[in-house]
Every structure is written in structure tokens, then in C-alpha cells.
Amino acid sequence: GAGVSQSPRYKVAKRGQDVALRCDPISGHVSLFWYQQALGQGPEFLTYFQNEAQLDKSGLPSDRFFAERPEGSVSTLKIQRTQQEDSAVYLCASSLARGPSSYNEQFFGPGTRLTVL
Amino acid sequence: AQSVTQPDIHITVSEGASLELRCNYSYGATPYLFWYVQSPGQGLQLLLKYFSGDTLVQGIKGFEAEFKRSQSSFNLRKPSVHWSDAAEYFCAALKAAGNKLTFGGGTRVLVKP
């Protein structure tokens, strides 16, 4: 596809359930980012990959959050034992950037809206 | 701590009127600065960016932004808004040689006919 895609677009989970959110970046994009956007707020950084290496996970709010990108393309954000405060839109972005010394535009997907009941 | 502030949560403007959205940043050194637009159900779309040089930058959809170092501001403007400009707008900053964008809280723009 031409852009970043995310699935599912909407996810409803009962408190305590595990969820997995998928991101398909633009083909050839080296860098991949996850952001969390709570209702009425701006997105907040969660984690960053360069190829398959997770170089920064400083934004992950707890050890219930785990992200992976095993083959350097598709990424999955997993949330274990979901809580109501995890309800948010989870945005994925990708860019061509090959390192912190060069900047390339981050292209965002449409997001996955997670609702935890 | 590094932060981006958008003082206006909501702005209502009449179609055809001018629009200005405020953004202030707090960083040790001047960061890269961006404006994004988010329409319902859509991802964030980059309107424009400032890295260095000319302090007035032009973007897509007729938007422009002015960087003012003395005020730590990067305000977004459009001379004449269209109904399709109704959306949420986010200012963001990126530390030079950094990777993670820091976003402001957003400003929701409503356009009256």
C-alpha cells in the first residue's frame, strides 16, 4: 500500500484481556514509531525501532506494554492485562531515517482506537 | 523538561476569515518544529516544518508558520479558511539528532458557515 496501515482500526477489550495491535509501515522505511493519543490530548511517544532493533522504549508506560518488529518491517504493540487507562488511540509512524543525525518525515497511520471496558 | 504548549483548546472561525493558532516550545536549544493536522478518523498529516533559515515557512493547503526565537513560538496562520479546514491541529517539536516528536495538546478548529 501507499501509506502506513494499522489493524484493527477499532478494538474493544474487557479489563484484564491481552491485545495486539499491528502496524504495516511504508515499504522500505527503516524507522518505526509508536505513539499513544489519549482522548483530547496530543500523541505521546511510546517506542522507536530502527529496522528490528528497539532503540528507545522510554515512553512505554508500564511493563504491560511490549513492542516488537522481528523482521524489520511489520510491528506489533502488545498490551497485557489491559486497564481502563489504556483506552486511547495508538498511532504508528514510519520514516526513511537511518539514524538520529538525519531527519526524515514521519508518516502516520490512521491509528487503532482501543477501548477497555 | 522539554515541552510544547498550545494555549487554545478550541477556536471557532468564520469561513473566509483568517486563522492563527499559537504554539510555544520549551527546549534547551531550538528544536525542529512541525505543524500537523488530524481530521476525524485520519492519521496525522504534516502541514509544514521548520529546521533553520527563513523564519517564515510555507506549507500545504495554504498554511504558513512563523518561527520567533525571542518568543519561543511557532504560530500557524492561514489568510482565509475553508470549511474543510475544520480539524484538530498539533504543533510538535523534535530535538536535533533526536527521534521522538513531542506534541502539544492540540487546538480544535471549528469553521462557521
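## As for the pattern of salt bridges
Residues and elements named next belong to chain B.
Argument step 1. One pass over the structure, following the stated rule, counts nine salt bridges over all chains.
Argument step 2. A salt bridge links Glu64 to Arg77, with the nearest nitrogen and oxygen atoms 3.3 Å apart. You can see Glu64 sitting in strand 8 (residues 64–68) and its partner Arg77 sitting in strand 9 (residues 73–78), a full 13 residues away along the chain.
Argument step 3. Several salt bridges share partner residues, and in doing so they unite Glu64, Glu66 and Arg77 into one network.

## Re the state of the cysteines
Residue and element names in this part refer to chain A.
Argument step 1. Under the counting rule described, the total for this entry stands at two disulfides over all chains.
Argument step 2. In this model, Cys23 is linked to Cys92 through a disulfide, with the two sulfur atoms separated by 1.8 Å. Across the disulfide from Cys23 to Cys92, rotation about the S-S bond amounts to roughly -65°, and the bridge is consequently left-handed. Taken together, the residues span a long stretch of sequence, with Cys23 in strand 3 (residues 19–24) and Cys92 in strand 9 (residues 88–95) at a distance of 69 residues.

Quick notes on the rules
Residues numbered from 1 in each chain as written. Chains lettered and ligands numbered in written order. Predicted model: local features only at pLDDT ≥ 70, side-chain atom pairs only at ≥ 80, totals over all residues. Heavy atoms only, no water. Salt bridge = Lys/Arg side-chain N within 4 Å of Asp/Glu carboxyl O. Helix = DSSP H or I, 4+ residues; strand = E, 2+ residues; numbered from the N terminus. Disulfide = S-S within 2.5 Å.

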